[in-house]
Amino acid sequence: MAEGLYQPHLVVEGEAQQWFSQADAAVHAAADSHQLADLLTAQVLHFLARVTKAPAGAFVTRRLQEAAPYY
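Fair warning: this is a prediction, and the values are worked out from it, not measured in the lab.

What follows is about the overall build of the protein. Across its full length, the protein carries three helices and zero strands. Across the protein, helices and strands are ordered from the amino to the carboxyl terminus as α-α-α. When the 71 residues of the protein are sorted by exposure, 21% land in the buried category. Restricting to contacts in the protein with at least 6 residues of sequence separation, those with at least 24 account for 53%. About 5300 Å² of surface is accessible on the protein, with carbon and sulfur atoms providing 61% of the total.

With that settled, the discussion passes to the nonpolar core. If you look at the biggest cluster of nonpolar residues, it comprises five residues: Val12, Trp19, Phe47, Val51 and Val60. Those elements that provide at least two residues to this core are α1 (8-29) and α2 (33-51). What phenylalanine 47 contacts, discounting residues up to four positions off in sequence, is Glu15, Ala16, Trp19, Val60 and Leu64.

Before going further, it helps to examine the environment of leucine 48. Mapping leucine 48 onto the fold places it in helix α2. Distance in space between the C-alpha atoms of leucine 48 and glutamate 15 is 9.4 Å, their sequence separation being 33 residues. The residues touching leucine 48, leaving out its near neighbours within four places in the chain, are Thr61 and Leu64.

Let us look at the environment of phenylalanine 59. Secondary-structure assignment places phenylalanine 59 in helix α3 (residues 57-66). For phenylalanine 59, a relative accessible area of 43% puts it in the partly exposed group.

This brings us to the side chain of glutamine 43. Secondary-structure assignment places glutamine 43 in helix α2. Note on glutamine 43: relative accessible area 15%, which makes it buried. Apart from residues lying up to four places away in sequence, glutamine 43 is in contact with Trp19, Gln22, Ala23 and Ala26.

In this section: the confidence of the model for the protein. Of all residues in the protein, 76% have pLDDT values of 70 or greater, and the mean over the chain is 76. When pLDDT is averaged over each helix and strand of the protein, the minimum, 72, is found for α3 and the maximum, 82, for α2.

Reading the values: rules and limits
- Residues numbered from 1 in each chain as written.
- Predicted model: local features only at pLDDT ≥ 70, side-chain atom pairs only at ≥ 80, totals over all residues.
- Heavy atoms only, no water.
- Helix = DSSP H or I, 4+ residues; strand = E, 2+ residues; numbered from the N terminus.
- Buried < 20%, exposed > 50% of the residue type's maximum accessible area, 1.4 Å probe, protein only.
- Contact = heavy atoms within 4.5 Å.
- Areas by Shrake-Rupley, 256 points an atom, 1.4 Å probe, with all protein chains shown as cover.
- Core = buried A, V, L, I, M, F, W, Y, C linked by side-chain atoms within 4.5 Å.
- pLDDT = per-residue confidence, 0-100.

Rendered as structure tokens:
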């Protein structure tokens, strides 16, 4: 970090891109709206667990909490 080699926005951006691709796959795989809601909830929880382990995770978690629900 001191040398400027770590860029937290890139870590979070990579996790977000992975989450979007997983969410897109869930939308196409879900049989009904209840299953879709369950899949997306599980993905959000998994995403938050991964991101909060990153140094920028607290920032991202706070921004997600402040944002309007995506559903």
